[in-house]
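Listed below, chain by chain, are the residues.
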Amino acid sequence: MKQQQIGNVALVVDNYDDAIAFYTQKLGFELIEDTDLGGGKRWVQVSPPNSNGTNLLLAQASTDEQRQSVGNQTGGRVFLFLQTNDFWRDHQAMQQQGVKFNEAPRVEEYGTVAVFEDLYGNKWDLLQLNR
């Protein structure tokens with residue numbers, strides 16, 4: 001039987017330490033790994049608590065092309081979807097940490113959602129599904 005999963009999603013960042021601080025302090029993610037690879041490169045993985053194993057791989061931009069994509073990896077669309085089992089708990093906690101929400105929470109057919117931005121301006125959905 002074939003079995004696969006997405007282990008990491010690369011997120012181009014301006015600075016490793018600033019990104020680690022945002023994701024761990026503002027969003028409550030866990031630092032899974034921070035390994036020095038030499039030459040200024042690091043293998044940095046963060047993940048929401050009790051996640052299913054898919055991590056964000058924080059990749060510090062090292063070329064002009066990469067620097068241009070920081071904060072806009074999807075051309076202005078929502079990039080990542082942070083699913084939660086308690087939207088209002090997490091929304092309130094994130095607001096208290098100064099996370100910028102682009103809209104008021106809304107209830108859709110599929111669940112409760114609000115768009116927020118990370119420290120570089122990438123758009124995320126905070127989402128609690130109805131199932």
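Here the structure is shown first, and the text comes after it.
Report on the accompanying structure. For clarity, every value in this text was computed on a predicted model and none was experimentally measured.

About the cut-offs
Residues numbered from 1 in each chain as written. Predicted model: local features only at pLDDT ≥ 70, side-chain atom pairs only at ≥ 80, totals over all residues. Heavy atoms only, no water. Phe/Tyr/Trp six-rings, centres within 6.5 Å; stacked < 30°, edge-to-face > 60°. Helix = DSSP H or I, 4+ residues; strand = E, 2+ residues; numbered from the N terminus. Buried < 20%, exposed > 50% of the residue type's maximum accessible area, 1.4 Å probe, protein only. Arc of directions from axis to C-beta. Pairing = 2+ DSSP bridges. Contact = heavy atoms within 4.5 Å. Salt bridge = Lys/Arg side-chain N within 4 Å of Asp/Glu carboxyl O.

Some words on the packing of aromatic side chains
Next up, step 1: This structure, assessed with the given rule, holds 7 aromatic pairs.
Next up, step 2: A ring pair is formed by Tyr 23 and Trp 124, whose centres lie 6.0 Å apart and whose planes are at 45°; its orientation type is tilted. You can see Tyr 23 sitting in helix H1 (residues 16-26) and its partner Trp 124 sitting in strand E9 (residues 123-129), a full 101 residues away along the chain. With respect to class, Tyr 23 is no different from Trp 124; both count as buried.
Next up, step 3: Ring centres 6.2 Å apart and planes at 70° place the aromatic pair Phe 29 and Trp 124 in the edge-to-face group. Highlighted residues: Phe 29 in the loop between H1 and strand E2 (30-38) and Trp 124 in strand E9, separated in sequence by 95 residues. The same class applies to Phe 29 as to Trp 124, namely buried.

Brief notes about helix H3 (residues 87-96)
Next up, step 1: Listed in full, the buried residues belonging to H3 are Phe 87, His 91 and Met 94. Down the axis of H3, the sector holding all buried residues measures 70°, keeping them to one side.
Next up, step 2: Two residues or fewer after H3 comes Gly 98, characterised by a positive phi angle close to 85°.

A few points about the pairing of E9
Next up, step 1: As judged from the 5 bridges shared by strand E5 (residues 78-83) and E9, these two strands associate in the parallel manner. Within E9, the position partnered with Leu 80 by the bridge is Trp 124.
Next up, step 2: Pairing of strand E8 (residues 111-117) with E9, which is carried by 7 bridges, proceeds in the antiparallel orientation. Looking at the pairing, Glu 117 lines up with Lys 123 of E9.
Next up, step 3: In sequence, E8 turns back onto E9 through a hairpin of 5 residues, with Gly 121 there showing a positive phi of about 100°.

Re the environment of Glu 30
Next up, step 1: Along the chain, the position of Glu 30 falls in strand E2.
Next up, step 2: Measuring from C-alpha to C-alpha, the distance between Glu 30 and Gly 98 comes to 18 Å, with 68 residues separating the pair along the chain.
Next up, step 3: With residues up to four places along the chain from it excluded, the contact list for Glu 30 reads Thr 24, Gln 45, Val 46, Ser 47, Pro 49 and Asn 50.

Some words on the pattern of salt bridges
Pairing between side chains of opposite charge can happen when the charged atoms of each approach one another.
Next up, step 1: Under the definition given, this model contains 7 salt bridges.
Next up, step 2: Measuring nitrogen to oxygen at the nearest pair gives 2.7 Å for the salt bridge that ties Arg 42 to Asp 34.
Next up, step 3: Since its relative accessible area comes to 36%, Asp 34 is described here as partly exposed.
Next up, step 4: Salt bridges here are not isolated pairs; linked through shared partners, they connect Asp 17, Asp 34 and Arg 42.

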